[in-house]
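Examination of the molecular architecture
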Amino acid sequence: MAVCVPPLYWYTNWAKMIFALEMWKAQGVVHVIIYHHSSTKHVYKVLSHYQKEGFVTIVPWPSLPQTPFEDPNQSLYRLAHSLAHNDCVLRLNTEFGALIDVDEVIMPRNHTLMSFVIENFANSSVGALLFKHHTLALNPNYAGQNFSYDTLNFSGIWDATELEYEGPPKIPEKSAALLHHRYNIGIDWIGRNPQSVRLLPTTAELNALHKSLNHRKEAIFPNGADFHFETQMQLGFCLQR
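Residues numbered from 1 in each chain as written. Predicted model: local features only at pLDDT ≥ 70, side-chain atom pairs only at ≥ 80, totals over all residues. Heavy atoms only, no water.

The first and last C-alpha atoms of helix 1 (residues 14–26) sit 18 Å apart over 13 residues, in line with the 18 Å expected at 1.5 Å per residue. With eleven of 13 residues buried, helix 1 is to be regarded as a mostly interior element. Every buried residue belonging to helix 1 is among W14, A15, K16, M17, I18, F19, A20, L21, E22, M23 and W24, and all of these are buried. At the C-terminal side of helix 1, G28 shows a positive phi close to 105°. (Helix = DSSP H or I, 4+ residues; strand = E, 2+ residues; numbered from the N terminus. Expected span 1.5 Å × (residues − 1). Buried < 20%, exposed > 50% of the residue type's maximum accessible area, 1.4 Å probe, protein only.)

Next up on the list: the pairing of strand 2 (residues 31–36). Of all six residues that make up strand 2, six are buried, and the element is covered over most of its length. Going residue by residue along strand 2, you find H31, I33 and Y35 tucked away on one face and V32, I34 and H36 tucked away on the opposite face as well. Note that strand 1 (residues 2–8) and strand 2 share five bridges and pair parallel. Each residue of the ladder has a partner; that of V5, found in strand 2, is I34. Running through helix 1, the crossover from strand 1 to the neighbouring parallel element strand 2 is right-handed. Bridging between strand 2 and strand 3 (residues 56–60) involves five bridges; their strand directions are parallel. Within the sheet, the bridge partner assigned to H36 lies in strand 3 and is P60. Handedness of the β-α-β unit built from strand 2, helix 2 (residues 41–53) and strand 3 comes out right-handed. (Pairing = 2+ DSSP bridges. Right-handed = clockwise from strand over helix to strand, strands pointing away.)

Before going further, it helps to examine the environment of Q195. Counting through the fold element by element, Q195 comes out in strand 9 (residues 192–196). Measuring from C-alpha to C-alpha, the distance between Q195 and E162 comes to 5.4 Å, with 33 residues separating the pair along the chain. Residues within four places of Q195 in sequence aside, it is in contact with A160, T161 and E162. (Contact = heavy atoms within 4.5 Å.)

This part is about unusual backbone geometry. Backbone torsion omega between N139 and P140 reads 0°, so that peptide bond is classified as cis. Among the secondary structure elements, P140 is positioned in the loop between strand 6 (133–138) and strand 7 (160–164). A positive phi angle, near 60°, is found at F154, a position not held by glycine. The residue F154 is located in the loop between strand 6 and strand 7 in this model. With relative accessibility at 3%, the residue F154 sits in the buried group.

In this structure, W14, M17, L21, V32 and L199 are the most contacted members of the largest nonpolar core, which totals 53 residues. Residues within four places of L199 in sequence aside, it is in contact with F19, M23, M107, L136, L138, I157, A160 and L206. In terms of nonpolar packing, the next biggest core, distinct from the first, is built from ten residues, I33, Y35, V59 and A80 among them. (Core = buried A, V, L, I, M, F, W, Y, C linked by side-chain atoms within 4.5 Å.)

This model, assessed by the stated rule, comprises one disulfide. The partner cysteine of C4 in its disulfide is C88, sulfur to sulfur 2.0 Å. Taking the sign of the torsion about the S-S bond as the criterion, the disulfide between C4 and C88, at about -85°, is left-handed. Separated by 84 residues along the polypeptide, C4 in strand 1 and C88 in helix 3 (residues 76–91) bring together distant segments of the chain. Neither C4 nor C88 differs from the other in exposure class; each is buried. (Disulfide = S-S within 2.5 Å.)

As a further point, take the confidence of the model for the protein chain. Per-residue pLDDT for the protein chain has a mean of 81; in total, 80% of the residues score no lower than 70. Note that residues 169–173 has pLDDT below 50 and, in this model, 13 contacts with residues that lie over four places away or in other chains. Across residues 183–189, confidence stays below pLDDT 50; counting only partners more than four residues off in sequence or on other chains, it has 17 contacts. (pLDDT = per-residue confidence, 0-100.)

In structure tokens, the structure reads:
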């Protein structure tokens, strides 16, 4: 299985990038294709690290031509997804592929991700699966306003909470969900009806994920790295407009 990630645009969260890549790898993903328009040097350092291992392919996404009357790049954040997804489908060389963002994790209820996919695609009439959006909160979160590189240890994966999300309904609703992870700003904002969720089927797998996350952090940033929380928040507000 491979993952397609739409263009990164003003992307700053290197800790989330490490979490996403290691989480997908733990679920059986063997390759990630990431379209890159713009990011911080820390994020690009993470991507380059994984690209050297062959796990990630970085596809440059340049700015499009513009005129004095029209600038298509103003819609890059919202509309480039479809363009990149169509391109990525043609690049896939695996039997299965997933089109998801960096802050999303597919969570089967009673399966590993690969067994869930294989079981559902056993019916030759099935061409794609859609998932209901839920919100994922980690406690503590791996990064935020009080970020400290020295205390970042991704321990929040052991205390994960799933909350209902007011978004477009998707299927299958009971057998799996698409967990959308942002900042833990507050229950009223991120969802309702919180319930504990295990990110991976077994304790051994969670142990391995936790070890991998901390190993990558130290391997990529042996001299530490800042998080620039305020900059991230300001960019987030700009992208929502």
